[in-house]
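# Commentary on secondary and tertiary structure
The chain contents come next:
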Amino acid sequence: MLRNLQAVFCCTLAAANILARIGRFRNFASVTQVENLRSGWLWGGLYICTALLCVAFVAIYIGLEDPVYYWDYDAYFKVFNQQGDFLVENPVQWLRQLRASIQKDSYSVAILAPLMPFYTVFGGSRFSYIAAVVAVYLVPAALFIGRISYLEAVPAKRSPRSWFAVWVAAVLYTPFWAATLRGMPDIAGSLALVAATYFIWKSKFLTQEPVASGVRVGGYLWLAFMLRRWYAYSAVAVAISAAFFFLPRIAMNRDFPALWKAVLGGLCAVLVVAGAAWIFQLPLILEILGTNYGELYDGYKTNFLSQLEQIGSRLSYANWLLILVGLYFSVVRGNRFSLFCAVASALTFFLFTRTQDPDRHHSMPIFLWLFPAYAQAIVAIVSGSTLRARWTAASIAVAAGLAFLGTFLPSGRQLLSPISYVYAREATLPLHLDNLPEYKRLADDLLAKMEPDDRFAVFASGSVMNDWLLLGMNPGLSSHLEPTCQVDSRDEFGPKALKSKFIVVTDPPVTHLQQGAQICVTMPNQYILEGKGIGAAYRRLASYQLSEGVNGYLYEQMRPVSKVEVDALYSEFQKKYPSWQPPQW
């Protein structure tokens, strides 16, 4: 904690010093001075200042967390450390495995490659990892989309204070941070997506320098897909949106030369994406083409209204109001860039939700393309305010800050609860478990009771209890864990878990998906708790008071589970999943 506070102090002091040197925002002399931020030292200074302030916040956030990382919150963090160790030990072999990972892995380690200097210099702590993602991906993405959105906002004659307000709003845009603070580096794909969007727009939908523009756009779209495969939905969405905005204008003006240029540029983009995927990712592409993701992720999919609710909860009511105001100004004043991005956002939501519900990291491109409307509202309000632009810009910056604090800090959320409309309903507070010593006691009890060849299984899959949590409490358990089914549609029940010497269950059952999507967890859990069917083979050893009022129990197998008991369990499974066949027992 002391080290984090020192980091906060140093980062804040350095940022304040840079701000004082590169641009007293309150003293911008003219719009021209703001619009001509082209010199390398000024943009470099702005980036460093922003990154230092963001890293200072990361230090505060990590200092408030319990180190209870699991699943997606922990996966890339662990790989970050593994990749760092590998790079230090054998750089040549590291490059070879990086290429192999790009070729075949659904979760490629390529997204971590630019973060390796942070590991080399600062080590493999959680703070080092999150700070690396923020500095390398989040800050550039926020500055890039913020700058483009500001320059494309209407009216062209903007108040010099509006860039400051847009800068603050972009850096504190909560959808960029929510997944990042949870340890997911998916913002990297959004950075590539911003670049693709920029070149589509700058080239006037690939009609200017069509070959070069098409190659750039195709390269950035492939990069987004390579970093995280689900960005394929966003690539398709932005292509459809571009056609939607370009083709009607062509038909109206009968500008066929422009049409042929756009077709050429689009063909180049497609060839680059297809060629790069073929050359660098053929095994993965073949795997994707042979997988029915709608069926695989069926457990992660709810209905349309629920999906809208999830997206709506990730921004405050105040933010949504500004986005709607921005869309209104975009229509009235002709901000086609904002509308183009909004259509791409809506299409991304529609395409992605045909497969599964969008989690925090999946929704990044949706919110990325809504930011231009947000920026349009800010520019319109600051430029058109009858008050001094300084105070209007400051008010918007304060509102963005309140949304940020209320979404990510417990004290901020509590303090702002009377005006809860200023922060997102879906909180991303520092991870915390009530009764943490009880979790550690459970992990220690398991390790103490097990012989070298004994196995244990956990029939729980949620934030309160899961097997990954216990491994985090005591890494010595990793060699004893028997993985269990957690999502019916993805995993199917693994009967080997019933041969484990020890079982952990909960009351009530702990799940993280919609009701009925995890009966491979809830059914064995209930049988063991009630001592019926397969549960008759186990006896309770100890109980534990877990987080959120959940009770945990440790059971020991007293005799092998019989074939009759296994068949009875599978007969219940088959009522919902007829294809689940009882194993040879």
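For the structure given in this document, a descriptive report is provided here. In this text, all values refer to a predicted model and were calculated from it rather than measured experimentally. (Residues numbered from 1 in each chain as written. Predicted model: local features only at pLDDT ≥ 70, side-chain atom pairs only at ≥ 80, totals over all residues. Heavy atoms only, no water.)

For the rest of this paragraph, the subject is unusual backbone geometry. With an omega of 0°, the peptide bond running from Asp 507 to Pro 508 counts as cis. Within the fold, Pro 508 resides in the loop between β2 (502-507) and α25 (519-530). Notably, Leu 206 is not glycine yet its phi reads approximately 70°, a positive angle. Residue position: Leu 206 is located in the loop between α10 (187-202) and α11 (210-227). On the basis of relative accessible area, Leu 206 is assigned to the buried category, the value being 9%. A positive phi angle, near 60°, is found at Glu 548, a position not held by glycine. Tracing the sequence through the fold places Glu 548 in the loop between β3 (538-545) and β4 (551-557). Classification of Glu 548 by relative accessible area gives exposed; the value is 62%. (Helix = DSSP H or I, 4+ residues; strand = E, 2+ residues; numbered from the N terminus. Buried < 20%, exposed > 50% of the residue type's maximum accessible area, 1.4 Å probe, protein only.)

With that out of the way, let us pick up the packing of helix α16 (residues 317-333) against helix α17 (residues 336-352). Taken N-terminus to C-terminus, the directions of α16 and α17 make an angle of 130°; their axes are 8 Å apart at the nearest point. Of the possible angle classes, the one that applies to α16 and α17 is oblique. For the crossing formed where α16 meets α17, the hand is left-handed. Between α16 and α17, the residues in contact are Leu 327, Ser 330 and Val 331 and Ser 338, Leu 339 and Ala 342, respectively. (Axes fitted to C-alpha atoms, helices over the stretch in contact; angles between N-to-C directions. Parallel < 35°, antiparallel > 145°, perpendicular 65-115°, else oblique. Left-handed = near helix turned anticlockwise from the far one by under 90°. Contact = heavy atoms within 4.5 Å.)

Applying the stated criterion across every chain yields a total of 16 salt bridges. Asp 567 serves as the salt-bridge partner of Lys 563, at 3.4 Å between the closest nitrogen and oxygen. With a gap of 4 residues between them, Lys 563 and Asp 567 both fall in helix α26 (residues 563-573), about one helical turn apart. By relative accessible area, which is 40% here, Lys 563 ends up partly exposed. Through salt bridges with shared partners, a single network forms among Arg 314, Arg 360 and Glu 426. (Salt bridge = Lys/Arg side-chain N within 4 Å of Asp/Glu carboxyl O.)

Any functional reading would require information beyond the geometric quantities listed.
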